[in-house]
Amino acid sequence: ESSPGWDRFRLVIVPLVRRFLVLAVLTSLVISFMDYAIVFVQTGGLIFQPLLGTLAYKASIQDGNTGIGAAITVVQLPFIAAILWFAFRAFDPEPRSSPLDRIVGPLRLLSGNPFRRHRDERAAGRQPGRRRLQTRHWLLIAAGVVCALLLAAFHLLPIYWTIIQSIRPIAENADPNPFWVVHPSLEGVSGPLQDTAFWTWMWNTLVVFGSALLLALVASVLAGYSLARLHAPGARWIARGLLGSYFIPQGAVLVPVYQLFLWMHTADSFVAVILLYQTLTVPFCTWLFYAFYSTLPADTEEAALLDGSRVQAFVRLTLRLSWPVVIAAAIFSVGMMASDLLYAGTFLIHHNQQTVTVGLAVISLDLSEFSQATGALGIAALPIVLICLAFAPAYVRGLTLAMEEGS
């Protein structure tokens, strides 16, 4: 028989966090679909077990067989549709039960309620000993702490490794242990700070990211508000379709978009990358704002319309209530843009136009410059890490507001 703790987790906790679980799985799948071509680029094609995405990238980008690449991409669409169908049903099951069903439904389960069964068992004298319960309680806490520490170490290890490599002197490069330094040196950090090319890449990154982020937030807020408040036909499926567009591989978009930018004479420019970054940010952000605005009470906003226009009510009232969600969308957008190499690496060819990610990825290094490259990575990532740490509570609050109140 199942234990009360397992029944509580299965019947209470999991339904309460269902939306968060589905969102985590869905975003993980999205990132996986977007990153497999990046893995192909970063490893120089050294993939011994190719995936459909890497085959499509090789056929379209490297070999120039756009027809074959498009065919391989189309093969993935049924699997993508199946994943999205299950995800959306788990996120928001249909049809929804009526309020009367939600009230009467739990009463029908009382006869088979596992919590009542365990209460009856305790009354019958079959309750486990107090010491046994306390032992199991502390064992579960210890297991949770161990899992949390392992998860934290897994995510912090790349940051620690980057710091160690940036202060490792050349004489210790032959050391087989990469996890500590005997005689640290600051040459890996001071070198990039004295390099004019590095500061050019940093300025380019600031311009591209700042412009793309501002454009994405404005477009996403307006789109999400319009879908939620103006009652557009099929608004919920439009928002879901935007989220599902993430599963379209980047290789399938890159070739036609590249030809379009060539025709517009905007290739190898910031404009091309800024516009392409909207495909990485606007869909999710629009869906997030739509989820938040869908069930945000409209009574206060409607009362504000008595003293002003809808624009004034939106700017002075609704937008102020949306700041946690705006911060969550902004942090997500910065993370997606910072992890991009394919778009920026394709359209920013000239050395003085590249971002930090592309500039450090395409330069040729010898062994003596490795510490400077990792130092440059650390310096470039430091502002993003600090911003994320500073706004982490608002990020969590924004996602929570959208997931708990959104559809």
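This report concerns the structure included in the present document.

**Let's talk about the packing of aromatic side chains**
Part 1 of the reasoning: In this structure the tally under the stated criterion is 9 aromatic pairs.
Part 2 of the reasoning: Both rings, one in Phe 261 and one in Phe 347, keep their centres 5.4 Å apart while their planes meet at 80°; by these two values the pair is edge-to-face. You can see Phe 261 sitting in helix 11 (residues 250-264) and its partner Phe 347 sitting in helix 16 (residues 342-347), a full 86 residues away along the chain. For the pair shown, Phe 261 and Phe 347 are each scored as buried.

**Focus: the side chain of Thr 286**
Part 1 of the reasoning: Along the polypeptide, Thr 286 turns up in helix 12 (residues 270-294).
Part 2 of the reasoning: Aside from chain neighbours lying at most four places away, what touches Thr 286 is Ser 220, Ala 223, Gly 224, Leu 227 and Leu 242.

**Re the packing of helix 12 against helix 15 (residues 323-338)**
Between two packed helices, what matters for the description is the angle formed by their axes and the separation of those axes.
Part 1 of the reasoning: Where helix 12 contacts helix 15, the axes come no closer than 9 Å and their chain directions differ by 160°. On the basis of their axis angle, the class for helix 12 and helix 15 is roughly antiparallel. Crossing of helix 12 over helix 15 shows right-handed handedness. When helix 12 is examined against helix 15, the residues Tyr 277, Leu 280, Thr 281, Phe 284, Cys 285, Leu 288, Phe 289 and Phe 292 are found in contact with a partner set consisting of Val 325, Val 326, Ala 328, Ala 329, Phe 332, Ser 333, Met 336 and Met 337.
Part 2 of the reasoning: In terms of residue class, the contact of helix 12 with helix 15 is made up of 14 nonpolar, 2 polar and no charged.

**Quick notes on the nonpolar core**
Part 1 of the reasoning: The biggest cluster of nonpolar side chains holds 59 residues, and the ones touching the most others in it are Tyr 277, Phe 284, Leu 288, Phe 289, Tyr 293 and Phe 347.
Part 2 of the reasoning: Of the residues forming this core, the biggest block, 14 residues, is contributed by helix 12.
Part 3 of the reasoning: Once residues lying within four places of it in the same chain are set aside, the contact partners of Phe 289 are Ser 220, Val 221, Gly 224, Val 325, Val 326 and Ala 329.
Part 4 of the reasoning: Among the nonpolar cores identified, the runner-up in size contains 9 residues, and Trp 201, Met 202, Leu 360 and Ala 380 belong to it.

Each value, and the rule that gives it
Residues numbered from 1 in each chain as written. Predicted model: local features only at pLDDT ≥ 70, side-chain atom pairs only at ≥ 80, totals over all residues. Heavy atoms only, no water. Phe/Tyr/Trp six-rings, centres within 6.5 Å; stacked < 30°, edge-to-face > 60°. Helix = DSSP H or I, 4+ residues; strand = E, 2+ residues; numbered from the N terminus. Buried < 20%, exposed > 50% of the residue type's maximum accessible area, 1.4 Å probe, protein only. Contact = heavy atoms within 4.5 Å. Axes fitted to C-alpha atoms, helices over the stretch in contact; angles between N-to-C directions. Parallel < 35°, antiparallel > 145°, perpendicular 65-115°, else oblique. Left-handed = near helix turned anticlockwise from the far one by under 90°. Nonpolar A, V, L, I, M, F, W, Y, C, P; charged D, E, K, R; others polar. Core = buried A, V, L, I, M, F, W, Y, C linked by side-chain atoms within 4.5 Å.

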